[in-house]
Amino acid sequence: MNAELIKRLADSRKRLAVQLNHSSHLKKEAEEGGCGVVGFCCSEPVPGKHIYEPSRQMHNRGNGKGGGIAAVGLVPEQLGVSREILDSHYLLHLAFIDTKVRPEIEAQFVTPYFDIAVTGELDKVADWKSVPGLEVLPPDVSRYFVRVKPKVLDEFIAKNNLQSLDRGEAEDEFINQNSFALNQKYYASLGEKRAFVLSHGRDIMILKVVGFAEAIVKYYKIEDLCAHEWIAHQRFPTKGRVWHPGGAHPFAAIDMALVHNGDFANYHSVSEYLKQRHIYPQFLTDTEVSALLFDLLSRTYHYPLEHIIEALAPTTELDFDRLDPEKQKIYRAIQATHIHGSPDGPWFFIIARTLARQKQFQLMGITDTAMLRPQVFAFCDGEVQVGLICSEKQAIDATLLSLSKDDKRICPVADRYWNARGGSHEDGGTFIFNLQKNAAGKYRIVCTDKFGKPVPIPGGTDSCDFSKEPVAVSGNGVPTFESLRDQLPQWTFDEFRAACRQITEAAKDPAKTAAAIDVLTQLNDKRYPTAAKRRSHVLHVVRTELNRLFASLPNVAATDARPGAFRLIDFETRQHLRKPQEGETTLVIDAAHFAPEGDDCDAALLVDAYMKGWRHFISFNCIGQRYIGCGLGPDTDDVNIEVYGSSGDYLASGIDGMTITVHSNAQDQLGQIIKRGKLVIHGDVGQTFMYGAKGGSVYVLGNAAGRPLINSVGRPKVVINGTCLDFLAESFMAGDPHQGGGFVILNGVKLDEQGNLISLADPYPGSNLFSLASGGAIFVRDPDRTLVEEQLNGGKFARVTEADWELIRPHLEENERLFGITIAQLLTHQGRQRRPSQMYRKVVPGSVAAIVEDEADEVTAEAMEMAAK
Amino acid sequence: MLDARARPAAPEAGALPISALLPENTLKTRVPQEPVERVTRPAPSRYRNEIAKYFVHRSQDCRLCGKCTEVCSYGVHAHPSGYKYFGEPLHHLCIGPSCEKTDHYCVAHCPNGALQVREDPMYQVLGDARWSSDLILATWKMAETGDVPPAGYDYDYECGKSGGGFDRLRFRFPDRPPVALRADEIDTSVCLNKRGDGRPKITIDVPWYGGGMSFGSVSNVTQLSKARAAVAFNTFTCTGEGGFMERMRPYDDHVITQVATGLFGVREETIQRVPIVEFKYAQGAKPGLGGHLLGDKNTPAVARMREAVLGISLFSPFPFHSVYSIEDHMKHIDWIKHVNRRALISTKVSTPTDVDMVAVGSYSAGTHIVHIDGGYGGTGAAPDIAKKNIAMPIEYAIGKVHRFLSDEGVRDKVTLIASGGIRSAYDVAKAIALGADGVVIGTSEMVALGCVRCSRCESGRGCPRGIATTDTELAAKMELDWGTQRLINLYSAWRKVLVSILQRLGLRSVSELRGRTDLMMHLDYTNNGAKTA
């Protein structure tokens, strides 16, 4: 768009603001915390009830003082309009806090300007108090399908000199300014808020309440309303008394809805930046400002999405250096122009929008450069595709589970789960699910990153038909993992399910229970060839059977229980907790229905059970339950906990002696202040892993997210087979590794779907490796020497000596035993066996660098070796 | 499905024995708790020639007649028996020229005019505007005697000389109390748990407790003295962030474990041992800066306790890396509540302009105590550029938070504790009248132990007076019994002053004083001739 036109648009907004007497007072209404955000899209429209479960799942990320949802890609018949009207008309959602103002608002802001195709009031529950999770009476909402009257639009264009602007864009702007005026008159200028615009865009609607988000689904009776995209938000405002939902998310701009998890540090700067462009916030939260910002960059400046994202989350430091020079030039210009409008501090946006002209929908998640908020992406491929973005993995699980109950083609286990690396040169910290029609006219989802690069989704074409119940094959033995693994490629899904079912049947014999659990656990944890079968479906089969096995174990409450070592306890029977009796060794806790925290959580039950004498635990069916393994106190060497499902934050924090094994990805804040013991994660770990840890032996199969092992002291010994996002072991103070101090081994490898070991291109892509550390060491497997000085901040590279290798080898041996990643494989590069010193690099604190061998010696040694050949 | 709000009411945890709430292996490490008597005893200065307000000069004209020893009732003129000459006068006992009005003024009695009493030049350079020399000397006197300093010394210990903050606030004492109350009728206790959540309703006998000072920043003896004084007055002391000394364990029931951003020395066990756990997000003296223990003070003992490398500077990051939002904070609190099922949670924050929102947010995240730390506090280790220059003055912050909590309807569900520059019982009363439930003290305790506010806490081997040091030689300059007694004496004196303030105002308890700004005036804003203290 040319500068002159942009100026005219800005001027028109200025005139409006002056006319409406908009005050330039910009103070945030309330500090807002992280909140919980969730968004998902589906290649087929799915009903609103599926946003219910993930929203409920995120209760503990909100405080019930604000919730909202948005739906994009609706079904015309359900709204009583034609496809043509849904596509072409603006869907205006007005909220009336004071229902009396409706006629006057319609007379002022609706009927004079718009041709109304269809209008109506949203249905609602008669008694709002009957809906749990609502704090105050939600507003009445009216829906209008409108186009601007041609004559009105002509006048608007003439008045503002916008003749050269595309007529459609002029109409967008009219809608935008009309909503601004309405909000100003009935919301922003009043002490007493009376009405406001919820959303204004094509094929998009927003609803908000004071309460929890899921209450919306019930109150406005939209359980069955279908849409391609849903986003929801649980708010945690710090103001206690909230009496209207204006400040709740999502916030709307033309054709888009945005939810936000975080809190800007520079709200004023961003507001000033907007003010200079004659854009004025009315709801005084940083989320509104975010929506305005995105809208400005997109609708006024016409930036392509990549550049919008760059303006929001600039690429910096090493990542900037790694961009190609052309891109650097553009990015530098964007940063120079928009850095004051770039939100600083923790934030994570989920945006759903309609690309009306292209008849496409987008759902995207954008994370800030410092990655201070948690985020997980997931993709479920198949006949029905689902893309998901959430603050916590259990919200993804809850969504998929809810969807799969309705549609057996959707597998509750996604094909891929991943995190974005904010402001990175690799993915730009953003992923976008694009819903566009294929040749057959059906919507399909393509997931791309900031740069438009498609996200690879693991192969596998065969799906399992989950609508059928498996039938066990005959026999009552438990086969070995190896035999199952070897037969799996030849088997059909039905045969595989039958084999697994037979294992759970065999487990009913107490003598075989342990072996059955072991085999299914190995099937769950390990990677092995599945031929054309989707691995996600294989996993779902295994996990279903495992849960079935656990759930069928004798309950502690049962009076005539079978003998056996395992005893089940669940939410219903939690009051029956008792001492272990003769022969009972393991308490199996069904975590479902337990609160994620508080006196009634499963982790508290586990402590109680420990106090009654139980020492071995299995926790399954977890959906975000926190603090597992915490609170048992010192000297717990005889305790062992196996965790299945989506365990929650703070798992294994503070443990002192016990062993915890997590049979899936784990969440944030794992192993805080861990003192002693062993922690094994068959997957990834989230943010601030092992913050302030004092010790422990820890093995992670996958990646660690941002800020692992910060401020660790003492003697933690950690093997991370994948990579870390940034700030690995900042301020590490764990003494001298050769005198019992701590260290981290970062292998920079991954196992692919078929179990092959693959070296990552960058073992450590971020900055600030071992920065400001004063003790300990990092061993990075980096045969290509990709790590550079710039990634260190105070640390120094040093040579890996024989003594170093002797030090770390036992840990790699244990790693081999746990995950099957052999030392031989780790020492192989480009098909050749190398010396440890060629494969690994050591980073030591700058303060001790003077007394260790310089890494340059290694280069010399290598050169001599080459020369000798 | 279980609705978060429809959970069955938690059992009254306060009614359960600790054994039902803590795992045995933690209980096993519990040692018998040691009582400390609340008795005031004289605890004179550790130095023979303590810094004093007045200086007694004996000239060569002295003929050793002994008249001065005879008349002086304060014992300034020491003449040990068997010695021919006088010792150096004990200046700190002298009440100064005001003695002239009495019949025992040594200068007047000296037949040879050999004596002179004048202001000690040391007095003139002691302290600073906030901690005036009078305030320091009065605090010493209180720590020595356990009582209000005798009027003769003419110490101005109600205010400092900063010309701002609490120093511009005065109580409007009525000419006569509206109700006549005996001292023993007045209640100075504060309940720290107002949530009604089933956790113990811990009540402290005086409206203050000791602030967090880590082992590393202060000596073993200093920490233990604080703990023992806390036991005597049924209040608390805080570990600070350097960990929990084994020697503190007999006082567990009066210790607050601090969980600060460096997480140094924090273990499940140290969280489980104590009745209160404090999250330190920031310090008012240096908001936006984390803790920083210079390498020199990282002695072998400190390094062992913190499990860090000897002699290396130890940084605590500014934020908790795991907490970037209010719901992270809630998660953090829930964690500690889970680990210690009887603990109350305190959240210590500094005072940014939106401290009111932070306070309400902390409340909704589940904290029992909101502890706001203003900008006047801080020892020598806090950078001068930060002290007093970043955080909001505490007297503004208290009112702001108190009002906002009241407006939000939660004021009576959370305990508001203020700190950062509380120097005297008057400051305690002012903070409470502004809206706090109680205060946390730090520097005053150091002063009671002999601190001269030289602001050299952080350098080299640390405190020259052996208070804020971990150097064994320096730390040996103070004995535990003496340190304990000094603090017990200070607490007693403060309590007496506080009771007398309440008596003069006709209030039966400190809780009645809370938020009574109508009983105060600000010198800059009112001048209606109301009688001030």
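Residues numbered from 1 in each chain as written. Chains lettered and ligands numbered in written order. Predicted model: local features only at pLDDT ≥ 70, side-chain atom pairs only at ≥ 80, totals over all residues.

Q: Explain the overall build of chain A here, please?
A: Across its full length, chain A carries 23 helices and 33 strands. Relative to a compact globule of 869 residues, whose C-alpha radius of gyration would be 29 Å, chain A shows 29 Å and is just as compact. Referenced to the eigenvectors of the C-alpha coordinate spread, the extents of chain A come out at roughly 80 × 70 × 50 Å. With 869 residues in all, chain A has 57% of them scored as buried. Residue pairs at least 24 apart in sequence account for 64% of intrachain contacts in chain A once pairs closer than 6 positions are excluded. (Helix = DSSP H or I, 4+ residues; strand = E, 2+ residues; numbered from the N terminus. Rg over C-alpha atoms; globule rule 2.2 N^0.38 Å. Buried ≥ 20, exposed ≤ 12 C-beta atoms within 10 Å, placed from the backbone. Contact = placed C-beta atoms within 7 Å.)

Q: Help me understand the overall build of chain B, please; the structure alone is not making it clear to me.
A: Per the secondary structure count, chain B includes 17 helices and 16 strands. What you see for chain B is a C-alpha radius of gyration of 24 Å, in line with the 24 Å of a compact globule of 533 residues. Projected onto the principal axes, the alpha-carbon positions of chain B cover approximately 95 × 60 × 45 Å. Put simply, chain B has 533 residues, and 57% of those count as buried.

Q: Help me out: how do you make sense of the domain arrangement of chain B in this one?
A: Often the size quoted for an interface is simply the accessible area lost on bringing the parts together. Here chain B is described as being made up of domain 1 (10-38 + 182-522) and domain 2 (54-123). With centres defined by C-alpha atoms, the gap from domain 1 of chain B to domain 2 of chain B works out at 43 Å. (Domains from an automatic or database assignment.)

Q: So what exactly am I meant to see when it comes to the packing of helix α7 (residues 220-232) of chain B against helix α16 (residues 480-505) of chain B here?
A: Packed helix pairs are specified by the crossing angle of their axes together with the interaxial distance, meaning the distance between the axes. Residues and elements named next belong to chain B. Axis separation between α7 and α16 bottoms out at 8 Å; the angle between their running directions is 45°. Classed by the angle they form, the pair α7 and α16 counts as oblique. α7 and α16 meet at a crossing whose hand is right-handed. On α16, the residues touching Val-221, Thr-222, Leu-224, Ser-225, Lys-226, Arg-228, Ala-229 and Ala-232 of α7 are Leu-480, Gly-483, Thr-484, Leu-487, Ile-488 and Tyr-491. Looking at the contact of α7 with α16, its residues break down into eight nonpolar, four polar and two charged. (Axes fitted to C-alpha atoms, helices over the stretch in contact; angles between N-to-C directions. Parallel < 35°, antiparallel > 145°, perpendicular 65-115°, else oblique. Left-handed = near helix turned anticlockwise from the far one by under 90°. Nonpolar A, V, L, I, M, F, W, Y, C, P; charged D, E, K, R; others polar.)

Q: Is there a simple way to explain the sheet that holds strand β21 (residues 640-646) of chain A in this structure?
A: Each strand in a sheet pairs with its neighbour through backbone hydrogen bonds, running either in the same direction (parallel) or in the opposite one (antiparallel). Residue and element names in this part refer to chain A. One open sheet holds the twelve strands; their spatial order is β18-β19-β20-β21-β22-β23-β24-β25-β26-β29-β33-β30, and the pairing between them is mixed. Among the strands making up the open sheet, the edge pair consists of β18 (566-569) and β30 (795-798). Strand-to-strand twist of the sheet, defined as the mean angle between neighbouring strand axes without regard to direction, takes the value 15°. Bridging between strand β26 (residues 743-746) and strand β29 (residues 777-781) involves four bridges; their strand directions are parallel. Among the inter-strand pairings, Leu-746 is bridged to a residue of β29, identified as Val-780. Strands in contact with helix α19 (residues 602-611) are β19 (586-590) and β20 (616-623); relative to β19, the strand with the most contacts, it is inclined by about 165°. (Pairing = 2+ DSSP bridges.)

Q: How should I be thinking about the interface of chain A and chain B in this particular structure?
A: At the junction of the two partners, chain A supplies 64 residues and chain B supplies 47 residues. Top contributing element to the side of chain A that touches chain B by residue count: α19(A), with five residues.

Q: Is there a simple way to explain the sheet that holds strand β3 (residues 90-96) of chain A in this structure?
A: Residue and element names in this part refer to chain A. Spatially, β4-β5-β3-β6 is the arrangement adopted by the four strands of the open sheet, whose pairing is antiparallel. Edge positions in the sheet fall to β4 (114-121) and β6 (195-201), since each has one partner strand and no second. Across the sheet, the axes of successive neighbouring strands diverge by a mean angle of 25°, strand direction being ignored. Note that β3 and β6 share six bridges and pair antiparallel. Bridge assignment links Ala-95 to a residue of β6, and that residue is Phe-196.

Q: Is there a simple way to think about the domain arrangement of chain A in this case?
A: Residue and element names in this part refer to chain A. Along its sequence, chain A is carved into domain 1 (3-449), domain 2 (481-550) and domain 3 (683-868). Centre-to-centre separation of domain 1 and domain 2, based on C-alpha positions: 43 Å. Listed per partner, the contact involves five residues of domain 1 and six residues of domain 2. Here the residues of the side of domain 1 that touches domain 2 are counted per class, giving four nonpolar, no polar and one charged.

Q: What is the right way to read the environment of A:Ala507 from this model?
A: Residues and elements named next belong to chain A. Mapped onto the elements, Ala-507 comes out in the loop between α16 (493-506) and α17 (510-525). For Ala-507 and Phe-550, which are 43 residues apart along the polypeptide, the C-alpha to C-alpha distance reads 9.5 Å. Leave out the neighbours within four places in its chain, and Ala-507 touches Lys-512, Thr-513, Ala-516 and Leu-549.

Q: What's the story with the environment of B:Met142 in this structure? I'm lost.
A: All names here are of chain B. With respect to the helices and strands, Met-142 occurs in helix α6 (residues 133-145). On the neighbour-count criterion, Met-142 (29 C-beta atoms within 10 Å) is buried. As for Met-142 and Leu-487, which are separated by 345 residues in sequence, their C-alpha atoms are 9.1 Å apart. Not counting chain neighbours up to four residues away, the residues in contact with Met-142 comprise Asp-147, Pro-149, Asn-489, Leu-490 and Ala-493.

Q: Teacher, can you tell me more about unusual backbone geometry here?
A: Across the chain, the bulk of peptide bonds are trans and the bulk of non-glycine residues have phi less than zero. A:Pro250 follows A:His249 through a cis peptide bond whose omega is -5°. Examined against the element boundaries, A:Pro250 turns out to sit in the loop between β8 (226-234) and β9 (251-253). Despite not being glycine, A:Met371 shows a phi value in the positive range, around 50°. Here the phi dihedral of B:Asn234 falls at roughly 45°; this positive angle occurs in a residue that is not glycine. Looking at the secondary structure, you find B:Asn234 in the loop between α7 and β7 (237-238). B:Asn234 gets classed as partly exposed once you count the C-beta atoms within 10 Å, which come to 15.

Q: Looking at this structure, how should I read helix α12 (residues 394-407) of chain B?
A: Three or four residues apart is the spacing at which side chains of an α-helix point the same way, because the helix has 3.6 residues per turn. Over its 14 residues, α12(B) extends 20 Å from the first C-alpha to the last, a length consistent with the 20 Å expected when each residue adds 1.5 Å. Count one or two residues on from α12(B) and you reach B:Gly409, which has phi positive near 75°. (Expected span 1.5 Å × (residues − 1).)

Q: When you look at the environment of A:Gln502 in this model, what are you seeing that I'm missing?
A: All names here are of chain A. Along the chain, Gln-502 falls in helix α16. Distance in space between the C-alpha atoms of Gln-502 and Ser-474 is 7.1 Å, their sequence separation being 28 residues. Setting aside anything within four residues of it in sequence, one finds Gln-502 in contact with Ala-472, Val-473 and Gly-475.

Q: Where do I start with the packing of helix α2 (residues 49-57) of chain A against helix α14 (residues 393-406) of chain A in this structure?
A: Residues and elements named next belong to chain A. Here α2 crosses α14 at 155°, and the two axes come no closer than 8 Å. Taken together, the axes of α2 and α14 lie roughly antiparallel to each other. For the element pair α2 and α14, the recorded crossing hand is right-handed. Residue-level contacts link His-50, Glu-53, Pro-54 and Gln-57 of α2 to Gln-394, Ala-395, Ala-398, Thr-399, Ser-402 and Leu-403 of α14.

Q: Please explain the confidence of the model for chain B as it appears in this structure.
A: Low pLDDT marks stretches whose predicted atomic positions should not be read closely. Residue and element names in this part refer to chain B. On average, chain B scores 89 in pLDDT, and the residues at 70 or more come to 95%. Confidence drops under a pLDDT of 50 for residues 1-14, and excluding neighbours within four residues, the segment shows 25 contacts in the predicted structure. Confidence estimates for the predicted assembly give a pTM of 0.91 and an ipTM of 0.90. (pLDDT = per-residue confidence, 0-100.)

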